[in-house]
Amino acid sequence: MIALYDMQIPEHDPKAIASVCRYIAQNKWDICLLGGDFLDFDFISSFNKGFLRLLEGRSFRKQYKIGTEVLDQIESALDNKSKKAERIFLEGNHEYRVVRYLDANPQMEGYVEVPVGLDLEKRGWKWIPSWSEGKVFRVGKANFIHGLYATKYHANKHVEQFGCNIFYGHTHDIQSHSKIQRGDNKTMMGQSLGCLCKYGQSWMRNRPSNWQQAFGVFYIQPNGLFQCYIPQIFNGGFIAPDGKVY
């Protein structure tokens, strides 16, 4: 299984995504998970209300067009060896911006929702309302959400609140916490999986951050036990779990 989080199109990093797609194409996958915030939707964000210069040229049509192109790129890589891979799309807080927009503009219902704009059903992606309904995608003993908490110790917060192995994005960094339990071989962890968006976005105003481009690779056994690898991306490239450079 491969898990990709927080591209925030059109603030995605094409070079990093191209490297990940080469890796996807050269390996066989049972599941490909897009973990939310695939699209940014900054032009309908309450944070940008009144900042019209920042939003010039942004629209649903343009963001869905770029999103479709990136989705085509990922699907093409999957089709090389993994045409039958299960395709999962988690709703993130940025996708939820569309829900809030529709609450204020109900006349647009049926036209601008993410599953509609990206034609997910026809493409074969399963939409999971992770943010709006709290839905969790589970594979074996690994559980996946978009992510809820962005505190200093968010990995601790996630595993304590969910009480299971929980993997997520949302924070754009890599952080892990193992929950204390009695007995052997009972590790329970919370783990963030980095991001695939650009560093230094305009709203950050060149401030320091702990963002890290990365993604998750999971090998899951029939008994539910799993192994997780998190390749970190530097300058658009990374070393895969098998040691190959992309």
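Residues numbered from 1 in each chain as written. Predicted model: local features only at pLDDT ≥ 70, side-chain atom pairs only at ≥ 80, totals over all residues. Heavy atoms only, no water.

Trainee: I tried to follow the pairing of strand β2 (residues 31-34) on my own but got confused; where do I start?
Mentor: Look at any regular strand and the pattern is simple: side chains alternate between the two faces of the sheet. Side chains Ile31 and Leu33 project from β2 onto one buried face, and the interleaved Cys32 and Leu34 project onto a second face that is buried too. Note that strand β1 (residues 2-4) and β2 share three bridges and pair parallel. Of the residues in β2, the one forming a bridge with Ala3 is Leu33. Each parallel crossover has a hand, and the one from β1 via helix α1 (residues 14-25) to β2 is right-handed. Relative to strand β3 (residues 86-90), β2 runs parallel, the two sharing four bridges. What sits directly across from Leu34, in β3, is Phe89. (Buried < 20%, exposed > 50% of the residue type's maximum accessible area, 1.4 Å probe, protein only. Helix = DSSP H or I, 4+ residues; strand = E, 2+ residues; numbered from the N terminus. Pairing = 2+ DSSP bridges. Right-handed = clockwise from strand over helix to strand, strands pointing away.)

Trainee: In this structure, what is going on with the side chain of Arg87? I would like to understand it.
Mentor: Its place among the elements puts Arg87 in strand β3. A residue is classified by how much of its surface remains accessible, and Arg87, at 8% relative accessible area, is buried. There is a polar contact of 3.4 Å between the side chain of Arg87 and the backbone oxygen of Lys83. Not counting residues within four places of it along the chain, the set of residues in contact with Arg87 comprises Cys32, Glu75, Leu78, Asp79, Ser82, Gly124, Trp125 and Lys126. (Polar contact = N/O pair within 3.5 Å; in protein donor to acceptor, adjacent residues only side chain to side chain. Contact = heavy atoms within 4.5 Å.)

Trainee: Mind showing me how you'd approach the pattern of salt bridges here?
Mentor: Pairing between side chains of opposite charge can happen when their charged atoms approach one another. Throughout the structure, instances matching the rule amount to six salt bridges. Across the pair Asp40 and Arg97 runs a salt bridge whose closest N-O atoms are separated by 3.8 Å. In this pair, Asp40 is assigned in the loop between β2 and α2 (60-81) and Arg97 in helix α3 (residues 93-104), connecting sequence segments 57 residues apart. Each member of the pair Asp40 and Arg97 is classed as buried. Here the salt bridges share partners, and the residues they tie into one network are Asp72, Glu75 and Arg123. (Salt bridge = Lys/Arg side-chain N within 4 Å of Asp/Glu carboxyl O.)

Trainee: What am I meant to see in the sheet that holds strand β4 (residues 125-128) here?
Mentor: Strand pairing within a sheet occurs via backbone hydrogen bonds; the two strands may be parallel or antiparallel. Here six strands make up an open sheet; going across it, the order is β4-β3-β2-β1-β10-β11 and the pairing mixed. Taken across any chain shown, the strands that pair with only one partner, and hence form the sheet edges, are β4 and β11 (226-229). Averaged over all pairs of adjacent strands, the angle between strand axes in this sheet comes to 20°, irrespective of strand direction. Contacting β1 and β10 (216-220), α1 crosses the sheet at an angle of about 165° to β1. (Axes fitted to C-alpha atoms, helices over the stretch in contact; angles between N-to-C directions.)

The values are spatial; any link to function lies outside them.
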